[in-house]
Amino acid sequence: MNPVIGLDVSKGESQVQAFLDRGKPYRKSFSITHDLKGLGCFLEFLQDVEKAADGHQPSVVLESTGHYHIPVIQFLEEQNYVYIIVNPLISHRAKSSSLRKVKTDAIDAYHLCELFYKEELEPYKKRGVQLLNLRNLTRQQESIAEISAKTKMQLHSLIDQVFPEYRGVYGSLYSKVSLLTLLAFPTSKAVLSVCEKELTDKIASLCTSRSESWAKEKAQKLREAALRDPFQNNLYDSHIFNLEILVKIVLQYQEHLSNIADEIDALASEIEEYEILQSIPGVGEKIAATIISEIGEIDRFNDAKKLVAFAGIDPSVYSSGKFTASVNRITKRGSCRLRHALYMAVQSGIRDSRKKKTTDEIIPRNRRLREFYDKKREEGKPFRVAIIACVNKLLHWIYALLKSRTTFQDIA
């Protein structure tokens, strides 16, 4: 016998259906909750199915549902049961094969069992806890960075309405000393209400690593900006109140991102693949951490094409009858975070670096990748098509490096 249990997972509960063998359902479908009591009942049912199947341990099939299936997965791992996580696209295709238009949790669990016998589904290959921790950190870093960017846009808009001339005082508007200065002097009126020495002392106290002359120069620039500012008297106190709140929020985000970056670097430095990926010109610490956390163990992929498909950069193909599509876009069905990190790595790799000191020759960061990009452009490929071709090439290199545990050699 080849028993299987299908789980249709939803928020907080799952629908259960068991088969002892192909075409042999076992008992009626029922629901379990994702708590200790519900999972305990599920364990008893797993043991009942195993006894009914002459001692054969059942496999558990379930869809990937974001984070709702995590409690069930952890429970199955603790009980040493084999489980299979199915891509929702595959299970949806199996459900659509029926002519009847019926959609219930019980039917979905039933179809998952049938899918187990129709398709050659492989057991889920567990990922190491270290890489999963790294993935959680890099994803959180990306999420906070996106929110921080939106907050900075709101802050920029308010500065335009309160103190627009302030933008030229510091090289970076969002540096820590710049934001702290803006917090202390949010308007031109606040700047002009104190003397230049007081401004200098305040700026010097905010950035102790710089010299007194630098602080004096910034104080002069700040005072000149205040004199040029068109908003000498702000009509809306609400703008100033919101400005101070947004400055504090941006400072908090910067602190959180700094702490996450330190945690990522400490965790990733213990992983061999982290150093291997950074040997590729154009791949820095952040990109390397994202790539290895999204890929996981390279042994999960039998060949480079599967890794390309996982990243969603494999071309879609459409052919029917005498028609064959001439424009084939990438599928984008894989990890969007991995795809974005690879795109940024290619952009950085093909960009020109500084000139050599002895000659006027410009050297790209990744010479081999730049040569491949130029070749595609000379063939008449559009910019984005050439970039995606480079992403594909880079991913094949990454697969080879991780498999062989060697570093990238940029042959001169």
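Keep in mind that what you see is a predicted model, and the values were worked out from it rather than measured.

Caption draft 1: Representation of a negative patch on the surface within the structure. A cluster of acidic residues, Asp262, Glu263, Asp265, Glu275 and Glu285, forms a negative patch at the surface. Among the elements that line the negative patch, the one with the most residues is helix α10 (residues 237-268), at three residues. Mapping glutamate 263 onto the fold places it in helix α10.

Caption draft 2: Geometry of the domain arrangement of the protein chain. Partitioning the protein chain into structural domains gives domain 1 (4-124), domain 2 (140-265) and domain 3 (272-404). In this structure, domain 1 and domain 2 have C-alpha centres spaced 55 Å apart.

Caption draft 3: How the structure looks around the sheet that holds strand β2 (residues 13-21). An order of β3-β2-β1-β4-β5 is seen for the five strands of this open sheet, with the pairing classed as mixed. The open sheet has two free edges, formed respectively by β3 (24-33) and β5 (83-86), since each of these has just one partner strand. Taking the axes of each pair of neighbouring strands and ignoring which way they run, one obtains an average angle of 20 degrees across the sheet. Relative to strand β4 (residues 59-63), strand β1 (residues 4-10) is paired through four bridges, and the arrangement is parallel. Counterpart to glycine 6 in the pairing with β4 is valine 61. Sitting on the sheet, helix α2 (residues 70-78) touches β1, β2, β4 and β5, and the angle it makes with β5 is about 155 degrees. With respect to the sheet, helix α4 (residues 105-118) is in contact with β1, β2, β3, β4 and β5, its orientation differing from that of β2 by roughly 40 degrees.

Caption draft 4: Just the packing of aromatic side chains, in detail. Within the structure shown, the criterion is met by 12 aromatic pairs. Centroid distance phenylalanine 30 to phenylalanine 45: 4.8 Å. Interplanar angle 80 degrees. Geometry classified as edge-to-face. You can see phenylalanine 30 sitting in strand β3 and its partner phenylalanine 45 sitting in helix α1 (residues 36-52), a full 15 residues away along the chain. Both rings, one in tryptophan 397 and one in phenylalanine 408, keep their centres 5.3 Å apart while their planes meet at 50 degrees; by these two values the pair is tilted. Of this pair, tryptophan 397 sits in helix α16 (residues 383-404) while phenylalanine 408 sits in the segment after α16; the two residues are 11 residues apart in sequence, bridging distant segments of the chain. For the pair shown, tryptophan 397 and phenylalanine 408 are each scored as buried.

Caption draft 5: View of the nonpolar core. Counting residues in hydrophobic clusters, the biggest one holds 47 residues, and the most contacted among them are Leu277, Ile291, Leu342 and Ile398. For this core, the secondary-structure elements that each account for two or more residues are α5 (129-162), α10, α11 (272-278), α12 (285-295), α13 (304-311), α14 (336-350), α15 (367-378) and α16. Among the elements that take part in this core, α16 stands out by supplying 11 residues, more than any other. Both domains that furnish three or more residues to this core are identified here as domain 2 (140-265) and domain 3 (272-404). The contacts of leucine 342, once residues within four sequence positions are left out, are Ile291, Ala311, Val391, Leu394, Leu395 and Ile398. Core analysis: the next-biggest nonpolar cluster, separate from the first, contains 32 residues, Leu158, Val194, Trp214 and Leu243 among them.

Caption draft 6: Just α13, in detail. Buried within α13 we find Ala304, Leu307, Val308 and Ala311. Down the axis of α13, the smallest arc covering the buried residues is 100 degrees, so these residues share one side. Turning to α13, the residues buried within the fold contact α12, α14 and α16. Two to three positions downstream of the cap, the backbone nitrogen of lysine 305 sits 3.0 Å from a side-chain oxygen, assigning the N-cap of α13 to aspartate 303.

Caption draft 7: A look at the environment of valine 177. With respect to the secondary-structure elements, valine 177 resides in helix α6 (residues 176-184). Residues valine 177 and leucine 206 lie 29 residues apart in sequence; the distance between their C-alpha atoms is 6.0 Å.

Caption draft 8: Structural detail: the packing of α5 against α10. Packing of α5 against α10 leaves a shortest axis separation of 9 Å and a crossing angle of 155 degrees. Taken together, α5 and α10 sit at an angle that is classed as roughly antiparallel. The crossing of α5 and α10 is left-handed. Of the residues that constitute the contact of α5 with α10, the class distribution is 22 nonpolar, 12 polar and two charged.

Caption draft 9: Representation of unusual backbone geometry within the structure. If you check the backbone angles, arginine 27 has positive phi at about 60 degrees while not being a glycine. Looking at where arginine 27 falls in the secondary structure, it is placed in strand β3. The phi torsion at aspartate 54 lies on the positive side, around 60 degrees, for a residue other than glycine. The exposed category is assigned to aspartate 54, whose relative accessible area is 60%.

Caption draft 10: Expanded view of the pattern of salt bridges. Tallied over the entire structure, the rule returns 12 salt bridges. The partner of arginine 405 in a salt bridge is glutamate 272, with the nearest N and O atoms 3.7 Å apart. Of this pair, arginine 405 sits in the segment after α16 while glutamate 272 sits in helix α11; the two residues are 133 residues apart in sequence, bridging distant segments of the chain. On the basis of relative accessible area, glutamate 272 is assigned to the partly exposed category, the value being 44%. Bridged by salt links that share partners, the residues Glu272, Glu273 and Arg405 form one connected network.

Caption draft 11: Geometry of the pairing of β4. Extensive coverage of β4 is indicated by the burial of five of its five residues. Taken together, the four bridges between β4 and β5 define a ladder with parallel strand orientation. Along β5, the bridge assignment pairs valine 60 with tyrosine 83. With α2 bridging β4 and its parallel neighbour β5, the resulting β-α-β unit is right-handed.

Quick notes on the rules
Counting from 1, residues in each chain are numbered in the order their sequence is written. Reporting of local features is limited, given that this is a predicted model, to residues whose pLDDT is at least 70; pairs of side-chain atoms are given and counted only at 80 or more, and all residues count toward the totals for whole chains, interfaces and linings. Side-chain numbers come from the whole structure's heavy atoms, not from hydrogens or water. Exposure above 30% relative accessible area and no salt bridge define the residues that can form patches, which grow by joining like charges within 9 Å and nonpolar side chains of Val, Leu, Ile, Met, Phe, Trp and Tyr within 5 Å. All accessible-area figures derive from a Shrake-Rupley calculation using a 1.4 Å probe, and residue coverage is judged against the displayed protein chains alone. For this document, the term salt bridge refers to a Lys or Arg side-chain nitrogen within 4 Å of an Asp or Glu carboxyl oxygen. Counting rule applied: Lys, Arg positive; Asp, Glu negative; His and chain ends not counted. Think of each charge as sitting on NZ of Lys, CZ of Arg, CG of Asp or CD of Glu. Only runs of H or I of at least four residues qualify as helices and only runs of E of at least two qualify as strands under DSSP, and these elements are numbered from the N terminus. The source of the domain bounds is an automatic or database domain assignment. Strand pairing follows a simple DSSP-based rule, namely that at least 2 bridges must link the two strands. For helices, the axis comes from a line fit to the C-alpha atoms of the stretch in contact; other axes are also lines fit to C-alpha atoms, and the angle between any two N-to-C directions lies between 0 and 180 degrees. Residues count as neighbours in contact if any of their non-hydrogen atoms are within 4.5 Å of one another. In summary, the pairing rule links any two rings of Phe, Tyr or Trp, Trp by its six-membered ring, whose centres are within 6.5 Å, and it sorts them by plane angle into stacked for under 30 degrees, edge-to-face for over 60 and tilted for everything else. Any residue under 20% of the maximum accessible area for its type is buried, any over 50% is exposed, and the rest in between are partly exposed; the area is computed with a 1.4 Å probe on protein chains only. Put simply, a nonpolar core is a bunch of buried Ala, Val, Leu, Ile, Met, Phe, Trp, Tyr and Cys residues held in one set by side-chain atoms that sit within 4.5 Å of each other. Read the arc as the range of directions from the helix axis to the C-beta atoms. Within 3.5 Å is the distance limit for a polar contact, defined as a pair of N or O atoms, with the added protein rule that one can donate a hydrogen and the other accept it, and that residues adjacent in sequence qualify only through two side-chain atoms. In this scheme, roughly parallel covers angles under 35 degrees and roughly antiparallel covers those over 145, while 65 to 115 is roughly perpendicular and the rest are oblique. Crossings are classed by handedness, with left-handed meaning an anticlockwise turn of the near helix from the far one by less than a right angle and right-handed meaning a clockwise turn. Residues are grouped as follows: Ala, Val, Leu, Ile, Met, Phe, Trp, Tyr, Cys and Pro are nonpolar; Asp, Glu, Lys and Arg are charged; all remaining types, including Gly, are polar. By convention, a crossover is right-handed whenever its connection, traced from the first strand over the helix to the second and viewed with the strands pointing away, goes clockwise.

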